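Breakdown of the fold
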Amino acid sequence: MTSETATLFSATRIGAIPVANRIAMAPLTRNRAQPDRTPSPLAATYYAQRASAGLLIAEATQISPLGQGYLDTPGIYSPEQIAGWREVTTQVHARGGRIVLQLWHVGRISHTSLLPQGEVPVAPSALPAKAKTFTAQGFEDVSAPRALALEEIPALIEDYRRAARNAIEAGFDGVEVHAANGYLIDQFLRDGSNKRQDAYGGSIENRCRLLLEVVSAVAGAIGPERTGVRLSPTTPANDAHDSDPQPLFRHAVQQLDRIDGLAFIHVIEGATGGDRDNLPFDYPALRALFRGAWIANNGYDRERAEAAVESGYADMVAFGRAFIANPDLVERLHQGIALAEVDQDTLYGGGAHGYTDYPSAT
Ligand code: 8OZ
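Worth saying up front: this structure is predicted, and the values here are computed from it rather than measured.

1. Some words on the overall build of the protein chain
Helix and strand content of the protein chain: 11 helices and 14 strands. Against the globule reference of 21 Å for 362 residues, the protein chain gives a C-alpha radius of gyration of 19 Å, in line with a compact fold. Reported as C-alpha extents along the three principal axes, the dimensions of the protein chain are approximately 55 × 45 × 35 Å. For the protein chain, with 362 residues in total, the buried portion stands at 58%. The long-range fraction of contacts in the protein chain, counting pairs at least 24 apart against all pairs at least 6 apart in sequence, stands at 72%. Accessible area for the protein chain stands at about 13,900 Å²; split by element, carbon and sulfur atoms hold 50% of it. Within the protein chain, the 42 negative side-chain charges are centred at a point lying 2 Å from the centre of the 32 positive side-chain charges.

2. A short note on the sheet that holds strand β5 (residues 99–104)
Around the barrel, which closes on itself, the 8 strands sit in the order β3-β4-β5-β10-β11-β12-β13-β14 with parallel pairing between neighbours. Strand-to-strand twist in this sheet, taken as the mean axis angle between neighbours without regard to direction, amounts to 25°. As paired strands, strand β11 (residues 227–231) and strand β12 (residues 264–268) are joined by 4 bridges and run parallel to one another. When the sheet's bridge partners are listed, Val229 is paired in β12 with Ile265.

3. A short note on the pairing of strand β13 (residues 293–297)
Across the 5 residues that make up β13, a large majority, 5, are buried. Because side chains alternate across β13, one face comprises the buried residues Ala293, Ile295 and Asn297, and the other comprises Trp294 and Ala296, equally buried. Pairing of β12 with β13 involves 5 bridges; the strand directions are parallel. Bridging across to β13, Phe264 finds its partner in Ala293. The pairing of β13 with strand β14 (residues 316–319) spans 3 bridges and is parallel. Paired with Ile295 across the bridge in β14 is Met316.

What counts, and at which threshold
- Residues numbered from 1 in each chain as written.
- Predicted model: local features only at pLDDT ≥ 70, side-chain atom pairs only at ≥ 80, totals over all residues.
- Heavy atoms only, no water.
- Helix = DSSP H or I, 4+ residues; strand = E, 2+ residues; numbered from the N terminus.
- Rg over C-alpha atoms; globule rule 2.2 N^0.38 Å.
- Buried < 20%, exposed > 50% of the residue type's maximum accessible area, 1.4 Å probe, protein only.
- Contact = heavy atoms within 4.5 Å.
- Areas by Shrake-Rupley, 256 points an atom, 1.4 Å probe, with all protein chains shown as cover.
- Lys, Arg positive; Asp, Glu negative; His and termini not counted.
- Charge placed at Lys NZ, Arg CZ, Asp CG, Glu CD.
- Pairing = 2+ DSSP bridges.
- Axes fitted to C-alpha atoms, helices over the stretch in contact; angles between N-to-C directions.

As structure tokens, then:
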């Protein structure tokens, strides 16, 4: 760290990762993976086009076949997937960029048609989410899940550990554990979805146990300085609900801080992709509990992002949709160039159109 004031365009380090500026690309699901769940052959171009971001957080990527919940999302559990991702990291690094992979298990946000024959989604408790997913048939209600047995949890943690090792083998600079948006780890965190009566349910301490065991395992495998976590304390996404989020996330962050050297926490403020003020929540109080880097996200524009970094609240600000239509978002923000609008029809699925064909303005 230098003694100069941090700005949105000044360099820093996120754990072990040097970043050229404070603008991160948020993980964005694009549903363009191949049938064997290797990343799209266009993914290397797509991410390399956006490599002037200080940090790219690659799209949510399932750690195992059971971790998948949507059509055509990529994995990081097979040699072919590792090879596909290596192409991505090679091209990003050739452009001077830095990239981490978001490790994902959807839990109950899935559909039997997306899972290996005969499997149903797994969750903390056998409670279906009031949520939809996208399958080969279009939008469908998610399938009813079964509760994970206590004896299955070590293997689940092992899947995260192996996925993190695979990500490093694929050339990523680190990983972000997806603990947000109503997916498996978030389902364990919240009392709306976790009704377990064992060591993983009930008290806040117990509901945070899976998160902390996963992050400790990943940090132990690849180094805490290459490990981050994404949280979304008040999002209602995917039927996420907790009766008292502030003490829940206070405990989660306090305990994450005890994993010495953990690189970053990335927080979605408010409703994912929507209202920032959907529920009262004190984000600065959460930030004050963590010694590592803080990445703020959701609905930031240049002005708000500059204030977040210059005030010392955030080390980086992540932009999601703006990066889809503006591969040179960093340069556009820096030069005050108007941003292009994203085409909603090409967000999920398809090929190059709406993926690698948004032009740079700089
Ligand atoms: C949009 C569509 C499908 C998945 C998330 C991984 O919300 C996602 C996602 C977003 O975190």
